[in-house]
Amino acid sequence: MVQRRQRRLSGEGLLGYSGASTSRCQETMSDPLAITALIALTFVAAGFVKGVVGMGLPTVAIGLLSLVMAPASAAALLIAPSLVTNVWQSFAGAKFTTLVRRLASMLLTAVIGTLLSIDVLTGSSASLASGALGALLALYGVFALAARRFSVPANAERWLSPLVGLMTGLIAGATGLFAIPAVPYLSALGLAKDELVQALGLFFSVSTLALAAALALTGKYQWVTPGTSLLAIGPALLGMVIGQRVRDRLEPEAFRRWFFVGLSALGVYMLARALLRS
């Protein structure tokens, strides 16, 4: 009876995740009010980062939530807030149709890759998924700090786009994040500033829908998860509004730099924790 009650009150029960055993930290998060407060604060922080630097909501949200819950549950939680913010971003421009045509192969292979690798995120080895996520976060942070600039030749785009889409989808299905290598690749296409922002919103929107579909097909996106995810929209939007106001007073590049330092540190911690557990 005690075990059944603890399971019902845990983060797994709240999010409808019935997969692998969670960490010691997850086991202590048995109070539904504490979990709800954590989710709200996480999405306020993630929305704040997106408001200031223009991206990072999924990265921050899944990185923080994965410290206290299974990666599949964290990924399912960010479906609604990520989709709402990215759909708006993808339509906030005049190049939507042009970008859809140009990135069609990349979008398609990203969906395929996500469906192919979703078993890693939802499988029995939550520690493996957490470690992979940590490595990805650290790699993403280091890459952003290096601020390396690349350009993609026009004649290579035809075969590179589907390859990058597939790689990003495979990583997204395994970790719940769809930033690498898509973000560096899109930034290397020579798009204008507004086009790049719109292209990111378009790719993230499709990737979010693919992740939701993959989780649903594996039975890890149950009815209680969408409800909790919808409740996260408010805190995410609140954080974005605050971040947009702070952006007018702070130097965005300085904040961006410290953000990626913290992101790399979080990734190293998650990877080390997974390795120590294995």
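Residues numbered from 1 in each chain as written. Predicted model: local features only at pLDDT ≥ 70, side-chain atom pairs only at ≥ 80, totals over all residues. Heavy atoms only, no water.

Considerations on the overall build of the protein
The secondary structure content of the protein amounts to 16 helices and 0 strands. Counting across all 278 residues of the protein, residues that qualify as buried make up 50%. Here the contacts in the protein between residues at least 6 apart in sequence split such that 82% fall between residues at least 24 apart. Split by element, the accessible area of the protein, about 13400 Å² in all, is 66% carbon and sulfur. (Helix = DSSP H or I, 4+ residues; strand = E, 2+ residues; numbered from the N terminus. Buried < 20%, exposed > 50% of the residue type's maximum accessible area, 1.4 Å probe, protein only. Contact = heavy atoms within 4.5 Å. Areas by Shrake-Rupley, 256 points an atom, 1.4 Å probe, with all protein chains shown as cover.)

Remarks on the side chain of Thr42
Relative to the elements of secondary structure, Thr42 occurs in helix H4 (residues 32-53). Exposure remark for Thr42: the relative accessible area of 4% places this residue in the buried category. Engagement of the side chain of Thr42 in a polar contact is seen with the backbone oxygen of Leu38, the distance being 2.8 Å. (Polar contact = N/O pair within 3.5 Å; in protein donor to acceptor, adjacent residues only side chain to side chain.)

Here we look at the environment of Thr218
Considering the arrangement of structural elements, one finds Thr218 in the loop between helix H13 (193-217) and helix H14 (224-231). Given a relative accessible area of 27%, Thr218 falls into the partly exposed group. On a C-alpha basis, the gap between Thr218 and Ile118 in space is 8.0 Å, while along the polypeptide they are 100 residues apart.

Section: the packing of helix H7 (residues 79-91) against H13
Relative to each other, H7 and H13 sit at 145 degrees, their axes nearing to 7 Å. The two elements H7 and H13 meet at a crossing, and its hand is left-handed. Of H13, the residues touching H7 (which contributes Ile79, Ser82, Leu83, Asn86, Val87, Gln89, Ser90 and Phe91) are Val197, Gln198, Leu200, Gly201, Leu202, Phe204, Ser205, Thr208, Leu209, Leu211 and Ala212. When grouped by side-chain class, the residues that make up the contact of H7 with H13 number 11 nonpolar, 8 polar and no charged. (Axes fitted to C-alpha atoms, helices over the stretch in contact; angles between N-to-C directions. Left-handed = near helix turned anticlockwise from the far one by under 90°. Nonpolar A, V, L, I, M, F, W, Y, C, P; charged D, E, K, R; others polar.)

Some details on helix H11 (residues 157-175)
A turn of α-helix holds 3.6 residues, and therefore any two residues three or four places apart point the same way. Taking 1.5 Å per residue, 19 residues should reach 27 Å; H11 reaches 26 Å between its end C-alpha atoms and fits that length. Every buried residue belonging to H11 is among Glu157, Leu160, Ser161, Val164, Gly165, Thr168, Gly169, Ala172, Gly173, Ala174 and Thr175, and all of these are buried. Once H11 finishes, Gly176 follows within two positions and takes phi at roughly 90 degrees, a positive value. (Expected span 1.5 Å × (residues − 1).)

Things to note about empty space enclosed by the protein
Scanning all chains against the criterion turns up 1 cavity of 30 Å³ or more. Here the largest cavity is characterised by a volume of approximately 80 Å³. Take the lining of the largest cavity: its biggest share by element is 3 residues, from helix H5 (residues 57-65). Classifying every residue of the lining of the largest cavity gives 8 nonpolar, 2 polar and no charged. (1 Å grid on protein atoms, 1.4 Å probe; cavity = no way out; pocket = protein on both sides within 12 Å on 5 of 7 lines; lining within 4 Å. Points joined across faces, edges and corners; volume = space filled by probe spheres on them.)

Considerations on the packing of aromatic side chains
A complete count under the given rule lists 4 aromatic pairs for this structure. Plain terms: the ring middles of Phe178 and Phe204 are 5.8 Å apart, the flat faces sit at 45 degrees to each other, and that makes the pair tilted. Note that Phe178 is positioned in the loop between H11 and helix H12 (182-187) and Phe204 in helix H13, a separation of 26 residues in sequence. There is no split in this pair, since Phe178 and Phe204 are both buried. One aromatic cluster is present, formed by Phe178, Phe203 and Phe204 through successive ring pairs. (Phe/Tyr/Trp six-rings, centres within 6.5 Å; stacked < 30°, edge-to-face > 60°.)

Quick look at the packing of H4 against H5
Packing of H4 against H5 brings their axes to within 8 Å, and their N-to-C directions diverge by 150 degrees. Judged on the interaxial angle alone, H5 and H4 are roughly antiparallel. Seen from above, H4 lies across H5 with right-handed handedness. On the side of H4, the interface is formed by Ile39, Thr42, Phe43, Ala46, Gly47, Val49 and Lys50, while H5 contributes Leu57, Val60, Ala61, Leu64 and Leu65. In the contact of H4 with H5, the residues fall into 9 nonpolar, 2 polar and 1 charged. (Parallel < 35°, antiparallel > 145°, perpendicular 65-115°, else oblique.)

Comments concerning the environment of Asp119
For Asp119, the position within the fold is in helix H9 (residues 104-122). In this structure the C-alpha to C-alpha distance between Asp119 and Gly173, which are 54 residues apart in sequence, comes to 7.5 Å.

Digging into unusual backbone geometry
Between Ile180 and Pro181 the backbone carries a cis peptide bond, its omega angle lying at 0 degrees. Following the sequence through the fold, Pro181 ends up in the loop between H11 and H12.

Some points on the confidence of the model for the protein
For the protein, mean pLDDT is 78; residues scoring 70 or higher make up 81% of the total. Mean pLDDT across the elements of the protein ranges from a minimum in helix H2 (residues 11-15), with 34, to a maximum in helix H8 (residues 96-102), with 95. Contacts for the low-pLDDT stretch residues 1-28, under 50 throughout, to residues beyond four places or in other chains number 53 contacts. (pLDDT = per-residue confidence, 0-100.)

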